[in-house]
Amino acid sequence: MKALAQRYASALVDVALENGQAEAIKQELAAFAGMVRSSPELHALLANPAITRANKHAVIGDLVTAMGASRTLRNYLFVIVDQQRAGMLIEIEEAFSALLDARMGVTQATVTSASELSSEERAELALALTKLTGKQVQMKYRADPALIAGAVVRIGSTIYDGSVRAQLDRLRVRMISE
């Protein structure tokens, strides 16, 4: 299932890059997938093989028009419906985002800190992570007071834990083992 979603996503990445619409298509597809995530009725309609393609096309056309999205997205969604893959739209959107980021040299990072970071701290962290990864880093921030102080950064499956809680845990383990 994941390989199939990646194949459909890869085709859209190729078109988006070729037409110079990569960021716009990424935002439009994310917005449409967000509607599908938040509306079980829309997801059921798109995934139901008993509903005709014409009806699905009409719904997609209306939604894309209301969103002000591109013809490229509309046509792509029509292809997904025609190939009976509309039920995989959320997986396709996730794969599209990851593939596009990889092709553009961008990596995603989630930063969890004890408190909100200032703009200077965010800039310093972004610079350090760019040097560390060799890629442009897009960061999402969260605050978690349970960390006491410091931050935890997740890039893919790698976690950099600079929290005081983790340092205290390491110190406790070292003291117990000695």
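Residues numbered from 1 in each chain as written. Predicted model: local features only at pLDDT ≥ 70, side-chain atom pairs only at ≥ 80, totals over all residues. Heavy atoms only, no water.

Q: Quick question: what am I supposed to make of helix α6 (residues 89-103) here?
A: Given 3.6 residues per turn, any residue in an α-helix points the same way as the ones three and four places further on. Between the first and last C-alpha of α6 there are 21 Å, a value that for 15 residues agrees with the 21 Å anticipated at 1.5 Å per step. Turning to α6, its buried residues are Leu89, Ile90, Ile92, Glu93, Ala95, Phe96, Ser97, Leu100 and Asp101. Taken together, the buried residues of α6 touch α1 (2-18), α2 (22-38), α3 (40-47), α5 (71-82) and β1 (106-113). (Helix = DSSP H or I, 4+ residues; strand = E, 2+ residues; numbered from the N terminus. Expected span 1.5 Å × (residues − 1). Buried < 20%, exposed > 50% of the residue type's maximum accessible area, 1.4 Å probe, protein only. Contact = heavy atoms within 4.5 Å.)

Q: What exactly am I supposed to notice about the packing of α1 against α6 here?
A: Packed helix pairs are characterised by how far apart their axes lie and by the angle those axes make with each other. Where α1 meets α6, the axes come as close as 8 Å, and the angle between the chain directions of the two elements is 50°. Between α1 and α6, the angle is such that the two are oblique. Between α1 and α6 lies a crossing of right-handed hand. Residues Ala5, Gln6, Tyr8, Ala9, Ser10, Leu12, Val13, Asp14, Ala16 and Leu17 of α1 form the contact with α6, whose own contacting residues are Glu91, Ile92, Ala95, Phe96, Leu99, Leu100 and Arg103. Its residues placed into classes, the contact of α1 with α6 shows 12 nonpolar, 2 polar and 3 charged. (Axes fitted to C-alpha atoms, helices over the stretch in contact; angles between N-to-C directions. Parallel < 35°, antiparallel > 145°, perpendicular 65-115°, else oblique. Left-handed = near helix turned anticlockwise from the far one by under 90°. Nonpolar A, V, L, I, M, F, W, Y, C, P; charged D, E, K, R; others polar.)

Q: Help me out: how do you make sense of the pairing of β1 in this one?
A: For a regular strand, side chains alternate in direction, first toward one face of the sheet and then toward the other. The buried count for β1 comes to 6 of 8 residues, which makes it a mostly enclosed element. As judged from the 8 bridges shared by β1 and strand β2 (residues 136-143), these two strands associate in the parallel manner. Counted as the bridge partner of Val111 is Tyr141 from β2. Considered for its hand, the β-α-β crossover made up of β1, helix α7 (residues 119-133) and β2 is right-handed. Bridge analysis of β1 against strand β3 (residues 151-155) gives 5 bridges, and the strand direction is antiparallel. Across the sheet, residue Val111 finds its bridge partner in β3, namely Val153. (Pairing = 2+ DSSP bridges. Right-handed = clockwise from strand over helix to strand, strands pointing away.)

Q: Just to check I follow, could you spell out the pattern of salt bridges for this structure?
A: Evaluated as defined, the whole model comprises 6 salt bridges. For Arg53, the salt bridge goes to Asp82, with nearest N and O atoms at 3.7 Å. In this pair, Arg53 is assigned in helix α4 (residues 53-67) and Asp82 in helix α5, connecting sequence segments 29 residues apart. A salt bridge links Arg122 to Glu116, with the shortest nitrogen-to-oxygen separation between them at 3.3 Å. (Salt bridge = Lys/Arg side-chain N within 4 Å of Asp/Glu carboxyl O.)

Q: Explanation requested: the nonpolar core in the structure shown.
A: In globular proteins that are soluble, nonpolar side chains generally tend to be buried together. Membership of the largest hydrophobic core comes to 31 residues, with the highest contact counts inside it found for Phe32, Ile60, Ile92 and Phe96. Of all the secondary-structure elements, those providing two or more residues to this core are α1, α2, α3, α4, α5 and α6. Take this core: its biggest share by element is 7 residues, from α1. Once residues within four sequence positions are removed from consideration, Phe96 is found in contact with Ala9, Leu12, Val13, Ala16, Ile25, Lys26 and Leu29. (Core = buried A, V, L, I, M, F, W, Y, C linked by side-chain atoms within 4.5 Å.)

Q: Sorry if this is basic, but what is going on with the environment of Arg154 here?
A: Tracing the backbone through its elements, the reader meets Arg154 in strand β3. Relative accessible area serves as the criterion here: at 43%, Arg154 is assigned to the partly exposed category. With 101 residues separating them along the chain, Arg154 and Arg53 place their C-alpha atoms 41 Å apart. In this view, Arg154 contacts Gln108, Ala109, Thr110 and Ile159; residues no more than four positions away in its chain are not counted.

Q: Would you mind going over the layout of surface pockets with me for this structure?
A: Leftover empty space is mapped by rolling, across the atoms, a probe with the size of a water molecule. The space that makes up the largest pocket amounts to roughly 220 Å³. Lys26, Glu94, Ser97, Ala98, Asp101, Val106, Thr107, Gln108, Gln138 and Lys140 are the residues that line the largest pocket. Among the secondary structure elements, those contributing two or more residues to the lining of the largest pocket are α6, β1 and β2. Here the element with the most residues in the lining of the largest pocket is α6; it accounts for 4 residues. For the lining of the largest pocket, the residue count by class is 2 nonpolar, 4 polar and 4 charged. (1 Å grid on protein atoms, 1.4 Å probe; cavity = no way out; pocket = protein on both sides within 12 Å on 5 of 7 lines; lining within 4 Å. Points joined across faces, edges and corners; volume = space filled by probe spheres on them.)

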